[in-house]
Amino acid sequence: TMSQRKVGVALLGLGNYSTHLLAPALQATRFCELRGIVTGSPEKIPKWQRRYGIPDANVYSYDTMHRLADNPDIDVVYVVTPTSLHLKYAERAASAGKHVWCEKPMAMTEAECQRMIDVCNKNHVQLAIGYRMQHEPNTRAMANYAQTSPFGTITSVSSFAGYPGNGLPADNWRMQKDMGGGALYDMGVYPINGARFLTGMNSVAVTGRFEKSHPEIFTQVDETTYFTLEFANGLIADCGTSVVRGFNHLQVDCESGWYRLAPMQSYSGVTATTSSGKRLAPIKGMQQTLQMDNDAQAILGQGPILVPGEEGLADIRLVQAIFKAAESGRRVAL
Ligand code: NDP
């Protein structure tokens with residue numbers, strides 16, 4: 001029998017998300033194999049090699065990763081570093097001829113996102129952004145309602161994601177503005193992407209407002225940010241994000257009913273309910289397993305790229321506009 005070809009994955013940046021979510025999720029995939037690592041921390045290497053059977057030849061640093069070009073074991077590099085470094089390492093991976101999976105938020109600016117798209121196109125490699133919710137079946141079912149309109153026209157959207165973290169040490173990248181820290185970059189892309197995904201529309205204008213309950217801790221970055229997304233037909237999504245407040249829902253109100261995801265972006269437990277009493281129970285298994293299998297199938301020519309670079313760019317464009325709106329107190333048109 002012919003065995004299914006698998007996509008060789010190298011994780012780049014072995015922090016919390018790679019260690020506790022992506023590497024375990026890779027073990028359950030059908031179309032992926034964790035074959036390599038790229039890290040700036042030599043002390044992490046032996047543990048990863050032991051746990052996942054990674055040979056010396058598939059271990060790289062950020063400075064040696066150009067040699068990936070000579071390694072046919074690795075098909076894709078998954079960039080899982082602080083946000084400000086996504087573009088740099090995506091460029092190195094693409095230049096070595098490797099497909100790029102890049103974590104959210106895609107990059108710091110719209111221009112950086114465009115450069116990432118361009119360098120992947122130039123090197124004829126695929127680019128997928130790590131928005132795991134777009135692979136989650138209950139979320140996909142609710143997104144499909146934008147086409148089938150079971151409750152009539154959408155009248156309003158409420159999209160909120162935050163977690164009650166209350167701050168990290170000042171030297172953590174999530175507390176630093178130029179590294180991509182703060183609520184809007186880290187968490188805000190969930191309500192933004194969720195509202196866009198469930199309406200199937202792009203926003204034409206935004207407003208924004210900052211709230212700070214711990215100014216002594218959040219000296220550089222936003223802590224809680226409320227914003228609205230205005231769509232072309234006048235529809236408004238009321239949104240918020242926070243690294244202090246715990247909110248986690250995405251509700252779509254329509255002419256004759258509503259549907260809702262709550263929690264809307266947790267690693268597990270995502271549940272869909274509707275005004276007609278329908279309930280889609282949380283899936284079994286990990287969202288990241290579904291995500292990486294979908295992205296691997298795209299590389300294998302067996303399916304579309306569900307979340308291409310343009311998705312990450314559209315969200316960062318809105319992040320930048322929301323900052324402008326919150327800083328000026330004005331509505332910002334796109
Ligand atoms: P961590 O801080 O835990 O890990 C980041 C890793 O990046 C580090 O361990 C390090 O790995 C590497 N790195 C390279 N350069 C630097 C640097 N200058 N400063 C700090 N770290 C550096 O972050 P997370 O794992 O939580 O987040 C990483 C990315 O994943 C972010 O973009 C984040 O938004 C995204 N993420 C996505 C989630 C999702 O659900 N989709 C959930 C959580 C995070 P090494 O030592 O190997 O070089």
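Remember, predicted model here, so these are calculated numbers, not experimental data. (Residues numbered from 1 in each chain as written. Predicted model: local features only at pLDDT ≥ 70, side-chain atom pairs only at ≥ 80, totals over all residues. Heavy atoms only, no water.)

Asker: So what about empty space enclosed by the protein? Which residues, and what values?
Answerer: In total, this model carries three cavities of 30 Å³ or more according to the counting rule given. Here the lining of the largest cavity takes four residues from helix 6 (residues 183–199), the largest share from any one element. Considering only residue class, the lining of the largest cavity consists of six nonpolar, four polar and no charged. Considering only enclosed or pocket space, the second largest cavity measures out at about 50 Å³ in volume. What lines the second largest cavity is simply Glu136, Tyr267, Ser268, Gly269, Val270, Pro282, Ile283, Gly285 and Gln287. Tallied by class, the residues present in the lining of the second largest cavity amount to four nonpolar, four polar and one charged. (1 Å grid on protein atoms, 1.4 Å probe; cavity = no way out; pocket = protein on both sides within 12 Å on 5 of 7 lines; lining within 4 Å. Points joined across faces, edges and corners; volume = space filled by probe spheres on them. Helix = DSSP H or I, 4+ residues; strand = E, 2+ residues; numbered from the N terminus. Nonpolar A, V, L, I, M, F, W, Y, C, P; charged D, E, K, R; others polar.)

Asker: I'd love a proper account of the pairing of strand 5 (residues 99–102), names of residues and values included.
Answerer: Side chains His99 and Trp101 of strand 5 all project onto a buried face; the interleaved residues Val100 and Cys102 project onto the opposite face, where all are buried too. Where strand 4 (residues 76–79) meets strand 5, four bridges bridge the pair, whose relative direction is parallel. Pairing of tyrosine 78 across the sheet is with tryptophan 101, part of strand 5. Between strand 4 and its parallel partner strand 5, the chain crosses via helix 3 (residues 86–95), and the hand of that crossover is right-handed. In this sheet, strand 6 (residues 127–129) lies alongside strand 5 in parallel orientation, the contact comprising three bridges. Within the sheet, the bridge partner assigned to tryptophan 101 lies in strand 6 and is alanine 128. (Buried < 20%, exposed > 50% of the residue type's maximum accessible area, 1.4 Å probe, protein only. Pairing = 2+ DSSP bridges. Right-handed = clockwise from strand over helix to strand, strands pointing away.)

Asker: Can you tell me about the packing of aromatic side chains, naming the residues and giving the values?
Answerer: The tally for this structure, following the rule as stated, stands at eleven aromatic pairs. With centroids separated by 4.8 Å and ring planes inclined at 90°, the aromatic side chains of tyrosine 145 and tyrosine 259 adopt a geometry described as edge-to-face. Pair noted here: tyrosine 145 is in helix 5 (residues 137–148) and tyrosine 259 is in strand 12 (residues 257–261), with a separation of 114 residues, a long-range link. Here tyrosine 145 falls in the buried class, since its relative accessible area comes to 12%. Summarising the aromatic geometry, the rings of tyrosine 185 and phenylalanine 323 are spaced 5.9 Å apart at their centres and angled 35° between planes, so their arrangement reads as tilted. Placement of the pair is tyrosine 185 in helix 6 and phenylalanine 323 in helix 8 (residues 309–328), with a sequence separation of 138 residues. Taken together, the ring pairs in this structure connect Tyr145, Phe151 and Tyr259 into an aromatic cluster. The ring of phenylalanine 323 carries lysine 177 above its face, with NZ or CZ at 4.7 Å from the centroid. (Phe/Tyr/Trp six-rings, centres within 6.5 Å; stacked < 30°, edge-to-face > 60°. Lys NZ or Arg CZ within 6 Å of the ring centre and 35° of its normal.)

Asker: So what about the environment of asparagine 166? Which residues, and what values?
Answerer: Among the structural elements, asparagine 166 can be located in the loop between strand 7 (154–162) and helix 6. Here the alpha-carbon distance between asparagine 166 and isoleucine 217, two residues 51 residues apart in the chain, equals 8.4 Å. Setting aside chain neighbours within four positions, we find asparagine 166 in contact with His214, Ile217, Phe218, Val243 and Val244. (Contact = heavy atoms within 4.5 Å.)

Asker: Requested: an account of the packing of helix 3 against helix 4 (residues 110–122), with residues and values cited.
Answerer: The geometry of a pair of packed helices is captured by two quantities: the angle between their axes and the separation between those axes. With their axes 9 Å apart at the nearest point, helix 3 and helix 4 run at an angle of 5° to one another. With respect to helix 4, the element helix 3 is oriented roughly parallel. For the pair helix 3 and helix 4, the contacting residues are His86, Leu87, Ala90, Glu91, Ala94 and Ser95 in the first and Glu112, Arg115, Met116, Val119 and Cys120 in the second. The class makeup of the residues in the contact of helix 3 with helix 4 is six nonpolar, two polar and three charged. (Axes fitted to C-alpha atoms, helices over the stretch in contact; angles between N-to-C directions. Parallel < 35°, antiparallel > 145°, perpendicular 65-115°, else oblique.)

Asker: Would you mind going over helix 4 in detail, with residue names and values included?
Answerer: Between its first and last C-alpha, helix 4 extends 18 Å over 13 residues, near the 18 Å set by a 1.5 Å rise per residue. Buried within helix 4 we find Glu112, Cys113, Met116, Ile117, Val119 and Cys120. Buried residues in helix 4, looked at end-on, bunch into an arc of 165°, giving them a common side. Looking at helix 4, the residues exposed on the side facing more than 90 degrees away from the buried face are Ala111 and Lys122. Elements that come into contact with the buried residues of helix 4 comprise helix 3, strand 5, strand 6 and helix 8. Positive backbone phi, at 55°, marks histidine 124, one or two positions downstream of helix 4. (Expected span 1.5 Å × (residues − 1). Arc of directions from axis to C-beta.)

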